[in-house]
Number of protein chains: 2
Amino acid sequence: MVQGMILRERYSRETGREYVLRILKENIVRLELEPGGRISENELASEIGVSRTPIREALIELSKSKIVEIYPQKGSYVSLIDWDLVEEAQFMRLTLEKAVIRLACEGMEEEKLKGLEKNVKLQQFYVENGETDELLEMDNQFHKELFEITNKVHIYKLMSGMILHFDRLRTLRTKTVDNQYVVDDHMAILDAIRMKDPDKGEYAMDRHLTRHVIDEEIVRSKFPQYFKSKKS
Amino acid sequence: MVQGMILRERYSRETGREYVLRILKENIVRLELEPGGRISENELASEIGVSRTPIREALIELSKSKIVEIYPQKGSYVSLIDWDLVEEAQFMRLTLEKAVIRLACEGMEEEKLKGLEKNVKLQQFYVENGETDELLEMDNQFHKELFEITNKVHIYKLMSGMILHFDRLRTLRTKTVDNQYVVDDHMAILDAIRMKDPDKGEYAMDRHLTRHVIDEEIVRSKFPQYFKSKKS
DNA sequence: ATCATCAAACTAGTATACAAGTTCACAGGT
DNA sequence: ACCTGTGAACTTGTATACTAGTTTGATGAT
């Protein structure tokens, strides 16, 4: 039995596969399904209340982004946090987000900025009230919107599988770090777009996205059982 | 009945899903399954000789990279060539490959270049003998190896779904264009790595990957039925 | 006590039956 | 002739039965 597993209501137009995916992602990111932990298709099926088919389809998708691992005839597991993989994901995200912010800084209608500005204001609110989960969601939303207004939604979707790896790490460090910098970073990024300054934008994005790397070592020593042993 | 569909032998350790994926990708890229054409899970199942389950799993995966489209309870289709999507894929690929070639140029053991050099020699051979399909495969292989030696395999895999969109286009133009430039481009890229010159590498990669864009308009007018109508 | 063997209880992969929704053509009334 | 409704033949989504391979643990021989 999966103890702390978070279950949500199923949306009306949601297929079983989509529903299961949503549930699994949330529980993996929030570490209710522990890194390295075993997953049983049958168990999940009865737990979530659907058959094995949508469970399988969701697991296959998650295995594509290496967030779960499927060993045929043996079992499926939530992937341990793989440092090399996180670095590769970081490289991918950094590269793409810097390219996208440059695009955004090269010219953007005022109107498209409205959403971003509203988002940042909400972030400030959540930080002041210590609502960390909501802040995390707005953070992701901010970046997603950047891809949307530059017409790069598909790229974002492909990347978002990788982002799960980050979100897991962020869950681990929520209690220990000050989140004000998230808002400040996003403000700097917004400024760069307003000033149409790609270099400033790229710099601000780089600083924002590489901030995490700093405290990984601390988290690693705090939760060694969640990590794959480092480097080859 | 799917008329010209190419069937291959199933590898011994290959799961049904992997097998079907391999078959479908090849037939989509080679346009045996026409852009816009309808796909029936049942039809494919009897054609390929497996049940609907592995077919479905393969189709779901392909729909993630937008190379097929699934409309629940209605039907599945091979996606029309979507110009916007191809541009987005182009942006993604260009961005990532330039970042990777810079990495490669910043330092690489001699030994890791062996594979690339061998690859280019084979390319030259295939060009001289007009073996276009084999050249295409070596071209992809060349880029894949670049990601491998820089430790970015997962990124390549994520990208490779997008690359299918390119490969389809390349199939359309094979009869009309001279392929010698492919080899020349790759030689220039190799040179840049040897000289440890990231700027030259990025330049060469950019030129190589943007060469296609030039003749798209011609292909588009030649096979209008394969394309989605342009821009919004 | 220790090791080998074998069976039972798992695993994921696949096939198939069924459910639910869509399309389309044909029949029948106007 | 034309519109309308109805049902059969599709579609994909889901549940379930079955296959084949792996693990595990108990049993029995040494």
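Residues numbered from 1 in each chain as written. Chains lettered and ligands numbered in written order. Predicted model: local features only at pLDDT ≥ 70, side-chain atom pairs only at ≥ 80, totals over all residues. Heavy atoms only, no water.

(A) Looking closely at the protein's contact with DNA strand C. Around DNA strand C there are 25 residues in total, and R52 and R56 of chain A together with G16, S51 and T53 of chain B lie nearest to it. Near-protein atoms of DNA strand C (within 4 Å) split between backbone and bases, with sugar and phosphate holding 64%. Contact between DNA strand C and S76 of chain A: a phosphate oxygen at 2.9 Å from a side-chain N or O atom of the residue. Between DNA strand C and T53 of chain B, the relevant distance is 2.7 Å, taken from a base nitrogen to a side-chain nitrogen or oxygen of the residue. A total of three residues in the surface near DNA strand C trace back to one element, the largest contributor, which is helix 3 (residues 52–64) of chain B. Here the residues of the surface near DNA strand C are counted per class, giving six nonpolar, ten polar and nine charged. (Near = heavy atom within 4 Å. Polar contact = N/O pair within 3.5 Å; in protein donor to acceptor, adjacent residues only side chain to side chain. Helix = DSSP H or I, 4+ residues; strand = E, 2+ residues; numbered from the N terminus. Nonpolar A, V, L, I, M, F, W, Y, C, P; charged D, E, K, R; others polar.)

(B) Representation of the sheet that holds strand 2 (residues 68–71) of chain A. Residue and element names in this part refer to chain A. Across the sheet, three strands lie side by side as 1-3-2; this open sheet has antiparallel pairing. The sheet terminates laterally at strand 1 (38–39) and strand 2, the two strands that pair on one side only. In this structure, strand 1 lies alongside strand 3 (residues 75–78), joined through two bridges in antiparallel fashion. Paired with R38 across the two strands is Y77, which belongs to strand 3. (Pairing = 2+ DSSP bridges.)

(C) Region of the structure containing the relation of the copies chain A and chain B. Of the transformation placing chain A onto chain B, the axial shift is 0.0 Å and the rotation is 180°, giving an RMSD of 0.0 Å. The transformation relating the two chain copies, once decomposed into turn and shift, fits a two-fold axis. When you check the interface residues of chain A against chain B, 100% turn up at the interface there too, and the contact is symmetric in its surfaces. (Least-squares fit on C-alpha atoms with pLDDT ≥ 70 in both. Contact = heavy atoms within 4.5 Å.)

(D) Fine view of the side chain of K98 of chain B. Among the structural elements, K98 of chain B can be located in helix 4 (residues 83–105). When residues no more than four places from it in sequence are discounted, the contact partners of K98 of chain B are R93, E202, M205 and D206 of chain B.

(E) Structural detail: the packing of aromatic side chains. The full count for this structure, using the stated rule, is eight aromatic pairs over all chains. Taking the centre distance of 5.5 Å and the plane angle of 55° together, the rings of F147 of chain B and Y156 of chain B count as tilted. The buried category is assigned to Y156 of chain B, whose relative accessible area is 9%. Residue placement shows R22 of chain A over the ring face of Y11 of chain A; its charged tip is 3.8 Å from the ring centre. It is K152 of chain A that lies over the ring of F91 of chain B; its NZ or CZ is 4.8 Å from the centre. (Phe/Tyr/Trp six-rings, centres within 6.5 Å; stacked < 30°, edge-to-face > 60°. Buried < 20%, exposed > 50% of the residue type's maximum accessible area, 1.4 Å probe, protein only. Lys NZ or Arg CZ within 6 Å of the ring centre and 35° of its normal.)

(F) Inspection of the interface of chain A and chain B at higher detail. Contact residues are listed per partner, giving 24 residues for chain A and 24 residues for chain B. Inspection of the chain A/chain B interface yields ten residue pairs in polar contact (both at pLDDT 80 or more). Of all the secondary-structure elements, those providing two or more residues to the side of chain A that touches chain B are helix 3 (52–64), helix 4 (83–105) and helix 7 (153–173) of chain A. By residue number, the principal contributor to the side of chain A that touches chain B is helix 4 of chain A, which donates nine residues. Residues of the side of chain A that touches chain B, tallied by class, amount to twelve nonpolar, three polar and nine charged.

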